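Descriptive analysis of the structure
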Amino acid sequence: MGLDIIDSHAHYDDKKFDDDRDAVIASLFESGDISAVINVGCDVATSKRSVEFTEKYPNFYAWVGIHPEECGKIDDPDAALAGIEAMLSHPRVVGIGEIGLDFYWDDPARDIQERWFRAQMEMAKRSGKPVAIHDRDAHGKCMEVVCDYPGVRGIFHSYSGSAEMARDLVRRGWYISFSGVVTFKNAPKVREVAEAVPLERMLIETDCPYLSPEPMRGRRNDSRNLVYTSARLAEIKGMDHAEFCRAVSDNARKLLGI
Ligand code: NI
């Protein structure tokens, strides 16, 4: 038996997989280490694509949602939100993502991003589904929005905030997801967060094709590289590698109902 790894956040719809998508996805499951992959939408089209993947590829699930960097490009917000909400009834759709705030580029404007974030948090509240949150350089505001929806739960994906904020999120019932960044030499803060977050609230992800862990850093990422990410996290937690993977995958199954 291989390891038991669930990739909680992947973008196999990305154009970097256009030349060899079917082959890469088939190869993910050859070693027996990868149990499931959750592909994540960033707009209506990629959310639909994520749902299609669940029908085409075994062991695939989907997040559907509007990413903060995409929300400024949408002509008919009501139709887009209704489209996302309709997809939630698909049996392989686990929740709403990725949603949130990205203040790195400030494009679209912060108030527009916040409006979309809140509209999708409302959707989560109505549907009872978990959310996958993208928070880049917007920790304070993300926390504020999350606190306005105490009934909504989910994941902070490729978490980049402080250990203190992570502890606060955990107290409020949230999960923290770690990507390949935890293996980077220049990311001691993320390892500090991994020490602070209890095992039962940890998840792992690739965010592929981006964020390849060491020793694959700089190359196109895929779910197989979670072997490296999980090994580093197991080491931080002082745990056996296989035991760590099983525990974290059980967290994903519990939160996402898969
Ligand atoms: Ni992503």
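Everything that follows concerns the structure shown earlier in this document.
A few points on the structure. (Residues numbered from 1 in each chain as written. Predicted model: local features only at pLDDT ≥ 70, side-chain atom pairs only at ≥ 80, totals over all residues. Heavy atoms only, no water.)

1. Topic: the state of the cysteines
Keep this limit in mind: Disulfides are defined in this document as cysteine sulfur pairs within 2.5 Å.
This structure, assessed with the given rule, holds 0 disulfides. Here Cys-42 stays unpaired: no disulfide links it, and the sulfur of Cys-71, its closest cysteine neighbor, is 11 Å away. With no disulfide of its own, Cys-142 has Cys-147 as its nearest cysteine by sulfur position, at a separation of 11 Å.

2. Some details on unusual backbone geometry
This is how the line gets drawn: Comment: elements are numbered from the N terminus, with helices defined as DSSP H or I runs of at least four residues and strands as E runs of at least two. Only protein chains enter the area calculation, which uses a 1.4 Å probe; residues under 20% of their type maximum are buried, those over 50% are exposed, and those in between are partly exposed.
For the peptide bond that leads from Gly-97 to Glu-98, omega is 0 degrees, which places it in the cis range. Here the bond from Glu-214 into Pro-215 is cis, since omega is 5 degrees, no more than 30 degrees from zero. Within the element layout of this structure, Pro-215 appears in the loop between β8 (202-204) and α8 (226-237). The phi dihedral of Asn-59 is positive, around 65 degrees, even though this residue is not glycine. For Asn-59, the location among the structural elements is in the loop between α2 (44-56) and β3 (60-64). A relative accessible area of 32% means that Asn-59 is categorised as partly exposed. The phi angle at Ser-158 is positive, at roughly 40 degrees, despite the residue not being glycine. By the element assignment, Ser-158 lies in the loop between β6 (154-156) and α6 (163-171).

3. A word on the coordination of the nickel ion
Which entries qualify depends on this criterion: Coordinating N, O and S atoms are those within 2.8 Å of the metal (3.2 Å for Na, K and Ca), and as water is not part of the atoms, a site may appear to have fewer donors than expected.
At this site the nickel ion is bound by His-9 (NE2), His-11 (NE2), Glu-98 (OE) and Asp-207 (OD), with donor distances of 2.2 to 2.4 Å. In primary-sequence terms, the residues that donate to the nickel ion follow H-x1-H-x86-E-x108-D. Neither residue differs from the other here; His-9 and His-11 are each classed as buried.

4. Describing the packing of α8 against helix α9 (residues 241-256)
Rule in force here: Between N-to-C directions, angles cover 0 to 180 degrees, with each direction set by a line fitted to C-alpha atoms, over the stretch in contact for helices. Reported orientations rely on four angle classes, namely roughly parallel under 35 degrees, roughly antiparallel over 145, roughly perpendicular from 65 to 115, and oblique for the rest. Only heavy atoms enter the contact rule, under which two residues are in contact if any of them lie within 4.5 Å. Polar here means any residue other than Ala, Val, Leu, Ile, Met, Phe, Trp, Tyr, Cys and Pro, which are nonpolar, and Asp, Glu, Lys and Arg, which are charged; Gly is therefore polar.
Running from N to C, α8 and α9 cross one another at 100 degrees; their axes reach a closest spacing of 9 Å. Judged by the angle between their axes, α8 and α9 are roughly perpendicular. Residues Val-227, Ser-230, Ala-231, Leu-233, Ala-234 and Lys-237 of α8 pack against His-241, Phe-244 and Cys-245 of α9. The residue makeup of the contact of α8 with α9, split by class, is 6 nonpolar, 2 polar and 1 charged.

5. Describing the packing of aromatic side chains
In this description, a pair of aromatic rings is defined by centroid distance and the angle of the planes. Threshold: Only Phe, Tyr and Trp rings take part, Trp by its six-membered ring, and two of them pair if their centres are within 6.5 Å. Stacked means planes under 30 degrees apart, edge-to-face means over 60, and tilted covers everything else. Definition used: whenever NZ (Lys) or CZ (Arg) falls within 6 Å of the ring centre and also within 35 degrees of the ring normal, the charge is taken to sit over that ring.
Applying the stated criterion across every chain, the model contains 9 aromatic pairs. Between Tyr-104 and Trp-105 the ring centres are 4.8 Å apart and the planes differ by 85 degrees, which places this aromatic pair in the edge-to-face class. In this structure an aromatic cluster arises from ring pairing among Tyr-12, Phe-17, Phe-29, Phe-53, Tyr-57 and Phe-60. Directly above the aromatic system of Phe-184 lies the positively charged group of Arg-217, at a separation of 3.5 Å from the ring centroid.

6. Brief notes about helix α4 (residues 110-127)
Rule in force here: By this rule the span expected of a helix is its residue count minus one, scaled by 1.5 Å.
With 18 residues, α4 should reach 26 Å at 1.5 Å per residue; the first-to-last C-alpha distance of 26 Å fits that figure. The complete set of buried residues in α4 reads Gln-113, Glu-114, Trp-116, Phe-117, Gln-120, Met-121, Met-123 and Ala-124. Looking at the buried positions of α4, the neighbouring elements they touch are α3 (77-87), β4 (93-102), β5 (131-136) and α5 (139-147).

7. A word on the nonpolar core
This is how it is decided: Grouping buried Ala, Val, Leu, Ile, Met, Phe, Trp, Tyr and Cys residues that are joined through side-chain atoms within 4.5 Å yields what is termed a nonpolar core.
Counting 71 residues, the largest nonpolar core has Tyr-12, Met-121, Phe-156 and Ile-176 as its most contacted members. Filtering out sequence-adjacent residues up to four positions away, Tyr-12 remains in contact with Phe-17, Arg-21, Val-24, Ile-25, Leu-28, Val-37, Asn-39, Phe-53, Phe-60, Cys-208, Asp-222 and Ser-223.

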